[in-house]
Amino acid sequence: RFGPAPVQERLSCMARNNSIYVVANIGDKKPCDSSDPNCPGDGRYQYNTDVVFDTQGKLVARYHKHNLFAETQFNYPKEPETVTFETPFGKLGIFTCFDILFYEPAVVLVDKMQVDTVLFPTAWMNLLPFLTAIEFHSAWAMGMRVNVLAANTHNTSKAMTGSGIYAPAGARAYSYNMKTEDGHLLIAELDAHPRLSPAVPPAVSWNSCALSVEKFSQNDHEFTGIIFEDPFTFVELTKPEGNLTVCQKDLCCHLRYKMAEKRDDEVYVLGAFDGLHVTEGQYYLQICSLLKCPSTNTSTCGEPVETAQTKFEMFSLSGTFGTSHVFPEVLYSGVQLAPGEFEVLTDGRLINRNTTSKPVLTVTLFGRWYEKD
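Residues numbered from 1 in each chain as written. Predicted model: local features only at pLDDT ≥ 70, side-chain atom pairs only at ≥ 80, totals over all residues. Heavy atoms only, no water.

By the naming in an unreviewed UniProt entry, the protein goes by VNN1 Pantetheinase and is assigned to Illadopsis cleaveri. According to the UniProt record, the Sequence similarities (unreviewed entry) comment for the protein is "Belongs to the carbon-nitrogen hydrolase superfamily. BTD/VNN family." (UniProt positions renumbered as here; feature names shortened; annotations may be inferred.)

Enquirer: Run through the sheet that holds strand E2 (residues 44–53), naming residues and quoting values.
Expert: Strand-to-strand pairing in sheets goes through backbone hydrogen bonds, with the strands running parallel or antiparallel. Strand order in the open sheet formed by three strands is E1-E2-E3, and the pairing between neighbours is antiparallel. If you trace the sheet from one side to the other, it starts and ends with strand E1 (22–31) and strand E3 (59–64), each paired once. Averaged over all pairs of adjacent strands, the angle between strand axes in this sheet comes to 35 degrees, irrespective of strand direction. Note: E1 against E2, 10 bridges, orientation antiparallel. (Pairing = 2+ DSSP bridges. Helix = DSSP H or I, 4+ residues; strand = E, 2+ residues; numbered from the N terminus. Axes fitted to C-alpha atoms, helices over the stretch in contact; angles between N-to-C directions.)

Enquirer: Lay out the environment of Ile-187 in plain terms, naming residues and giving numbers.
Expert: With respect to the helices and strands, the residue Ile-187 is situated in the loop between strand E9 (170–175) and helix H4 (208–212). Put simply, Ile-187 and Gly-164 are 23 residues apart on the chain and 9.2 Å apart in space, counted from C-alpha to C-alpha. Once you skip the residues sitting within four places of it in the chain, Ile-187 turns out to touch Ile-165 and Ala-173. (Contact = heavy atoms within 4.5 Å.)

Enquirer: Explain unusual backbone geometry to me, using residue names and the numbers behind them.
Expert: Put simply, Glu-104 and Pro-105 share a cis peptide bond, and its omega is 0 degrees. For Pro-105, the position within the fold is in helix H2 (residues 103–111). With omega at 5 degrees, the peptide bond leading from Leu-128 into Pro-129 counts as cis. Within the secondary structure layout, Pro-129 lies in the loop between strand E6 (117–122) and helix H3 (133–144). Backbone geometry places Cys-97, a non-glycine residue, at a positive phi of 45 degrees. Mapped onto the elements, Cys-97 comes out in the loop between strand E5 (90–94) and H2. Assessed through its relative accessible area of 10%, Cys-97 is described here as buried. With a phi angle near 55 degrees, Ala-159 is a residue other than glycine that sits in the positive phi range. (Buried < 20%, exposed > 50% of the residue type's maximum accessible area, 1.4 Å probe, protein only.)

Enquirer: An account of the environment of Thr-320 is needed here, citing residue identities and associated values.
Expert: One can find Thr-320 in the loop between strand E16 (312–319) and strand E17 (326–332). Taking the C-alpha atoms as reference points, Thr-320 and Cys-13, separated by 307 residues in sequence, lie 51 Å from one another. Every residue in contact with Thr-320, bar those within four places of it in the chain, is listed here: Asn-207, Ala-210, Leu-211, Asp-250, Leu-251 and Cys-252. A distance of 3.1 Å separates a polar side-chain atom of Thr-320 from the backbone oxygen of Asp-250. Polar contacts involving the side chain of Thr-320 include one to the main-chain amide nitrogen of Cys-252, which spans 2.8 Å. (Polar contact = N/O pair within 3.5 Å; in protein donor to acceptor, adjacent residues only side chain to side chain.)

Enquirer: Now, about the environment of Glu-229: what can you tell me, with residues and values included?
Expert: Within the secondary structure layout, Glu-229 lies in the loop between strand E10 (223–227) and strand E11 (230–236). Given a relative accessible area of 57%, Glu-229 falls into the exposed group.

Enquirer: Explain H2 to me, using residue names and the numbers behind them.
Expert: Looking at H2, one finds that the buried residues are Pro-105, Ala-106, Val-107, Val-108, Leu-109 and Val-110. Structurally, H2 contributes buried residues whose contacts are with E3, strand E4 (83–87), E5, E6 and H3.

Enquirer: Describe the domain arrangement of the protein, naming the residues involved and giving the relevant values.
Expert: Taken domain by domain, the protein comprises domain 1 (6–196) and domain 2 (207–372). Inter-centroid distance (C-alpha atoms) of domain 1 to domain 2 is 29 Å. Contacts between the two partners involve 26 residues from domain 1 and, on the opposite side, 31 residues from domain 2. Both faces combined, the contact of domain 1 with domain 2 buries some 2500 Å², and carbon together with sulfur accounts for 74% of it. Counting across the interface, domain 1 meets domain 2 through zero salt bridges. Secondary-structure elements contributing two or more residues to the side of domain 1 that touches domain 2 are H2, H3 and E9. Here the side of domain 1 that touches domain 2 is built from residues that sort into 21 nonpolar, three polar and two charged. (Domains from an automatic or database assignment. Buried area = accessible area lost by both parts, 1.4 Å probe. Salt bridge = Lys/Arg side-chain N within 4 Å of Asp/Glu carboxyl O. Nonpolar A, V, L, I, M, F, W, Y, C, P; charged D, E, K, R; others polar.)

If you want it as C-alpha cells, here you go:
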C-alpha cells in the first residue's frame, strides 16, 4: 500500500523484529492538483508527520501536525486530526510538539476520545520559568490525568533537551541534560488505564479553595515584571513565612509559605498573569506562580534562572481560575523535577508534602483558557 520508502521499511522492521510498537516523526508528502485551489505550486502538500507501527510491523496510525511553530517548510491539514489506536495496553493518542499548548487536537484526545496515554514526539526549545520540556510536559500529564510519553530531540545549541515518561501522579522517568550531546533511553512502567488506577489523583475543582479564601494581605509593593513578553503583577516574599495575595484582572493568586531559611542573597516573588499571550503563537493564559528572581534586583524578576539556594518547608498555592484546564508545575534548582514531593488537593491547592529536597526555582499553576484564544 505504501511506497518503498527506506525510512518506513526500517521502522516497520524494527517494530516487527522486536515485537514492539514504534513511533516516529517523519515528513510526508501528498500530491494535489489544480482542482484544489490551495494546492502549492509544486503540486504537493508537505506535512510534519508521526507514524506508528505495531508489533507486526504494520502501519496503524498516521498524524499530520496541526499547530505549526515557525515551520515554513510544512503545510497544516485543513481540519485538525484526532488520531487514536487501540493496543493490548490501552487506548493511545498522538500529537506533536506545539500541539500540546492548544485545544485541538491535544485536549480533544483526552476529554472527548478518552485516551489513556499520549505519544508525543517533539523538538522542544526550553524556556524558563514555565515552559521547559520536562516541567510543562509532566504538568500536562498531571493536569489532564493521562500518561504522556514525551520524546524530545537533543540539541543543546538550540536549548532542546528533556524527555520523560510521565504519569498523572508525577514523572516515572525523565532526562534533562544540557552538558553533552548524548541521547538517553528511558524505561518505566505505567498503569495502562490511569483513570481507573487507585494511584490517579482525583479530579480537581481548580478555583474552589481560592474563591472561598479571604484575600491575604494586599501588598502596596506590587510591581510589574515581564515573562516571555507577558506583563505579570508581582509581589515580593519579604518575610521567611507568610500569606500573600496578588491579583490581575479576574485572577487572584493566594500563597501560604514557609522558607527553611530567608536568605539575603535571594529574592522570591508571587506573580499573576491573566491575558492573551501573543508572542510566537496566540493563546490565553491564567498563571499563578511563586518564582525565584535571577538577582536581588527585582527588575530581573521573571527572567530565566537555573539555580537557587532556598528550600521551602511548606507552600500552598491556589488561584481563582476561570478555566478548568490548569497544569501544576514544580521545578527545583538545576532544572530538576520533584516527583512525589507535591500534590494537588481537590480544592485546587498545590501543596508540598515535606520540606523540599532541593531549592525551589518555581511553583506554578499554569492555566490555559482555550475558549478565549
